[in-house]
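Listed here are the chains, written in short residue letters.
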Amino acid sequence: MPRAKKQGKRKSLDSDEEEEEATQSQTQSQRKGKGKGPGKRRTHDDDDASQAFQSQKEKLSGAELDRKVAETVRYLLFCDKKKIPIKRADISKNVLREHARSFPQVIEQVKKQLQKVFGISLEEIEGTGKTKSYILIESIDCEEKHGMIDWGSDSPKMSLLMVILSLIFMSENMITEAHLWHTLKKLGLEQKVEHPVFGDPEKMISQEFLRQGYIEKKKIVGGDETSYEYRWGQRAFKETSKRQVLEFMSEIYGTESSVWTSQIKEIEQEEQENMEE
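My aim in this report is to walk through the structure given alongside it, one point at a time. (Residues numbered from 1 in each chain as written. Predicted model: local features only at pLDDT ≥ 70, side-chain atom pairs only at ≥ 80, totals over all residues. Heavy atoms only, no water.)

Okay, the packing of aromatic side chains next. A full pass over the atoms with the stated rule returns 4 aromatic pairs. Both rings, one in F103 and one in Y134, keep their centres 6.1 Å apart while their planes meet at 40°; by these two values the pair is tilted. Of this pair, F103 sits in helix 4 (residues 103–118) while Y134 is found in strand 3 (residues 132–138), placing the two residues 31 residues apart along the sequence. Y134 carries the same exposure label as F103, and that label is buried. Relative to W260, the ring of Y253 has its centre 5.8 Å away and its plane inclined at 65°; by these criteria the two rings are edge-to-face. The lysine or arginine in question, K217, covers the ring of Y228, its NZ or CZ lying 4.6 Å from the ring centre. (Phe/Tyr/Trp six-rings, centres within 6.5 Å; stacked < 30°, edge-to-face > 60°. Helix = DSSP H or I, 4+ residues; strand = E, 2+ residues; numbered from the N terminus. Buried < 20%, exposed > 50% of the residue type's maximum accessible area, 1.4 Å probe, protein only. Lys NZ or Arg CZ within 6 Å of the ring centre and 35° of its normal.)

Here it is as structure tokens:
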């Protein structure tokens, strides 16, 4: 009988120890759980606060914003003299510099300033490699200028451009390089031959007009010899229209634009689609 009591005592002690261990384990688990919850919330709160602070930091103050807008407007007007699309990366690098993250805020004000003060629209286009670029376009309707922009001393050069755009349009919106030069030869323009007015016409067409975004040059796949084709570039679509180009051609040939039935049909169809959009 005494031995039985000892065993009972041992069992009781073992049971008490197990309960105590379980209680301690549960307490530690609860402490860990309590430590995790608020910590996670604090981390999220800290991240949100950091993002809000960063976003606020990227926005320029009134005086600083005005200064960067003025500098960007001057930079765009200067670069546009060469009519070459201006890369977004160049604006950030040469003008905004340490404020590059504020580009959207600045460019929005720049657009308003150009439109209000100069009557110029800032248009975004897709450059090579899908890089973003910008060009400046006069907002005044070209039709109010008799269908032709006043290019000043560049009028002969731009007249040649209109001829090229017309040839592309009249050739179902694409003309091969060989066909282009065959036609221009009839107008006294030849490859590798200096022209008294245009200088090197090949350089002007395949380099200058190409870089300015008026035309696009693509390699024709297939065939034994390397050949190229020309199409309208993004700037051409922004600065003029197929209807104005057709009127230009009609003036050259001394005819009514209505005689170009297939071209008129294409123009009217595209204008109708634009109205429906």
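What follows picks up the thread again.
Attention now moves to helix 5 (residues 155–170). The end-to-end C-alpha separation of helix 5 is 22 Å, in line with the 22 Å expected for 16 residues at 1.5 Å each. Judged by how many residues are buried, helix 5 sits mostly within the fold: 13 of 16 residues are covered. Downstream of helix 5 by a residue or two, E172 has a phi angle that is positive, lying close to 60°. (Expected span 1.5 Å × (residues − 1).)

Moving on: the sheet that holds strand 5 (residues 215–219). The 3 strands are arranged 4-6-5 in an open sheet whose pairing can be described as antiparallel. The strands lining the two open edges of the sheet, one partner per strand, are strand 4 (175–176) and strand 5. In this structure, strand 5 lies alongside strand 6 (residues 228–232), joined through 5 bridges in antiparallel fashion. What sits directly across from K218, in strand 6, is E229. Each of strand 5 and strand 6 touches helix 7 (residues 201–212); the most contacted strand, strand 5, lies at about 120° to it. (Pairing = 2+ DSSP bridges. Contact = heavy atoms within 4.5 Å. Axes fitted to C-alpha atoms, helices over the stretch in contact; angles between N-to-C directions.)

So, about the sheet that holds strand 1 (residues 86–87). With antiparallel pairing, the 3 strands of this open sheet are ordered in space as 1-3-2. Whereas interior strands pair on both sides, the edge strands pair on one side only; in this sheet they are strand 1 and strand 2 (120–126). Note that strand 1 and strand 3 share 2 bridges and pair antiparallel. Opposite K87, over in strand 3, you have S133 as the bridge partner.

This model, assessed by the stated rule, comprises 13 salt bridges. Across the pair K242 and E270 runs a salt bridge whose closest N-O atoms are separated by 2.8 Å. Of this pair, K242 sits in helix 9 (residues 242–253) while E270 sits in helix 10 (residues 261–276); the two residues are 28 residues apart in sequence, bridging distant segments of the chain. A relative accessible area of 11% places K242 in the buried class. (Salt bridge = Lys/Arg side-chain N within 4 Å of Asp/Glu carboxyl O.)

So, about helix 4. With 16 residues, helix 4 should reach 22 Å at 1.5 Å per residue; the first-to-last C-alpha distance of 21 Å fits that figure. Buried residues of helix 4: F103, V106, I107, V110 and L114, and no others. Along helix 4, the residues classed as buried sweep out an arc of 90° about the axis, all on the same side. Every exposed residue of helix 4 that faces more than 90 degrees away from the buried side is listed here: P104 and K116. The positive-phi residue at the C-terminal boundary of helix 4 is G119, with phi of around 65°. (Arc of directions from axis to C-beta.)

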